[in-house]
Amino acid sequence: MLWAEALIFPFYAVAPTWWLLSLVAFAESVVSPVYNVALESYRLAVTPDALRGRVTSAVETLTTGGAAIGTTASGTVIALLGTTTRTLMLTGWLALLGLPATLSKTVRRARPDD
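Predicted model, so just to flag it, every value in this text is computed and none were measured. One numbering rule holds for all chains: residues counted from 1, following each sequence as written. In keeping with the model being predicted, local features are shown solely for residues with a pLDDT of at least 70 and side-chain atom pairs are shown and tallied solely at 80 or more, while totals for entire chains, interfaces and linings include all residues. Just so you know, side-chain values use all the structure's heavy atoms and leave hydrogens and water out.

## Brief notes about the overall build of the chain
Logical step 1: A count of helical and extended segments in the chain gives 6 helices and 0 strands.
Logical step 2: To qualify as a helix, a DSSP run of H or I must reach at least 4 residues; to qualify as a strand, a run of E must reach at least 2; elements of each kind are numbered from the N terminus. Moving toward the C terminus, one meets the helices and strands of the chain in the order α-α-α-α-α-α.
Logical step 3: With the C-alpha coordinates of the chain rotated into their principal frame, the extents come out at 50 × 25 × 25 Å.
Logical step 4: Across the 114 residues in the chain, those meeting the buried criterion constitute 17%.
Logical step 5: Restricting to contacts in the chain with at least 6 residues of sequence separation, those with at least 24 account for 57%.
Logical step 6: For the chain, the centre of its 8 positive side-chain charges and the centre of its 7 negative side-chain charges are spaced 8 Å apart. The buried label goes to any residue with under 20% of its type's maximum accessible area, the exposed label to any with over 50%, and the partly exposed label to all in between, with areas taken from a 1.4 Å probe on protein chains only. For this analysis, residues touch if any pair of their heavy atoms sits within 4.5 Å. When charges are counted, neither His nor the chain ends are considered; positive counts come from Lys and Arg and negative counts from Asp and Glu. Here the site of a charge means NZ on Lys, CZ on Arg, CG on Asp, or CD on Glu.

The structure is reproduced here in structure tokens:
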């Protein structure tokens, strides 16, 4: 699913009208929750019951903190380089994140009972 998001994301930089931009946003808003549900379901399946609260709080802390830092960094980059450059940078980042996950045998063969 990360690859789907990486393929959709660059269209933010080239959508010439508001309605095409809305279509891109809609496509991403369909892909992203599916990806998040898959990640959350796997995490819950492999986390022992006694650790679920701690693991959940750690994940939430990191994602919330990461979102705050990312928003601030993105605003700075947009101010310095512009929206198109920032969008293409994020596209590259998504592809860079997807590559190791795609190539990893451990990730591809992961099962909840491992």
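## Things to note about the packing of aromatic side chains
Logical step 1: When the centres of two rings from Phe, Tyr and Trp lie within 6.5 Å, Trp using its six-membered ring, the rings pair. Their planes under 30 degrees apart give stacked, over 60 give edge-to-face, and anything left gives tilted. Counted according to the given criterion, the structure contains 1 aromatic pair.
Logical step 2: Taken together, a centroid distance of 5.1 Å and an interplanar angle of 70° make the contact between Phe9 and Tyr12 edge-to-face.
Logical step 3: Since its relative accessible area comes to 26%, Tyr12 is described here as partly exposed.

## Focus: helix H3 (residues 18-46)
Logical step 1: In this scheme, a helix's expected span is set at 1.5 Å multiplied by one less than its residue total. When the terminal C-alpha atoms of H3 are compared, their 42 Å separation across 29 residues agrees well with the 42 Å that a helix rising 1.5 Å per residue should span.
Logical step 2: By the burial criterion, the buried members of H3 are Val24, Glu28, Val31, Ser32 and Arg43.

## Focus on the side chain of Arg86
Logical step 1: Here Arg86 is to be found in helix H5 (residues 83-103).
Logical step 2: No salt bridge is formed by the buried Arg86. Its closest oppositely charged neighbour is Glu28, at 12 Å.
Logical step 3: Within the structure, Arg86 has its side chain in polar contact with the side chain of Ser74 (distance 2.7 Å).
Logical step 4: Discounting chain neighbours no more than four positions away, the residues touching Arg86 are Ser74, Val77 and Ile78. By definition, a salt bridge exists where a carboxyl oxygen of Asp or Glu is found within 4 Å of a side-chain nitrogen of Lys or Arg. Contacts described as polar in this section are N or O atom pairs within 3.5 Å, which, within protein, must combine one atom able to donate a hydrogen with one able to accept it, while residues neighboring in sequence count only if both atoms come from side chains.

## A look at the packing of helix H4 (residues 52-81) against H5
Logical step 1: Taken N-terminus to C-terminus, the directions of H4 and H5 make an angle of 130°; their axes are 7 Å apart at the nearest point. Compared by their axis directions, H4 and H5 come out oblique. For the pair H4 and H5, contact is made by Ser74, Val77, Ile78 and Leu81 and by Thr83, Thr85, Arg86 and Met89, respectively.
Logical step 2: Looking at the contact of H4 with H5 residue by residue, the classes come out as 4 nonpolar, 3 polar and 1 charged. Axis definition: a line fit to C-alpha positions, over the contact stretch in the case of helices; interaxial angles, taken between N-to-C directions, run 0 to 180 degrees. Each angle is binned into one of four classes, with values under 35 degrees roughly parallel, values over 145 roughly antiparallel, values of 65 to 115 roughly perpendicular, and all other values oblique. Gly is put with the polar residues, along with every residue not named as nonpolar or charged; the nonpolar set is Ala, Val, Leu, Ile, Met, Phe, Trp, Tyr, Cys and Pro, and the charged set is Asp, Glu, Lys and Arg.

## Details of a nonpolar patch on the surface
Logical step 1: Patch membership needs two things, relative accessible area over 30% and no salt bridge, and members are linked within 9 Å if like-charged or within 5 Å if nonpolar (Val, Leu, Ile, Met, Phe, Trp, Tyr). Residue exposure ignores everything except the shown protein chains as possible cover, and the areas themselves are Shrake-Rupley values with a 1.4 Å probe. On the surface, Trp3, Leu99 and Leu103 cluster together into a nonpolar patch covering about 300 Å² of accessible area.
Logical step 2: By secondary structure assignment, the location of Trp3 is in helix H1 (residues 2-8).

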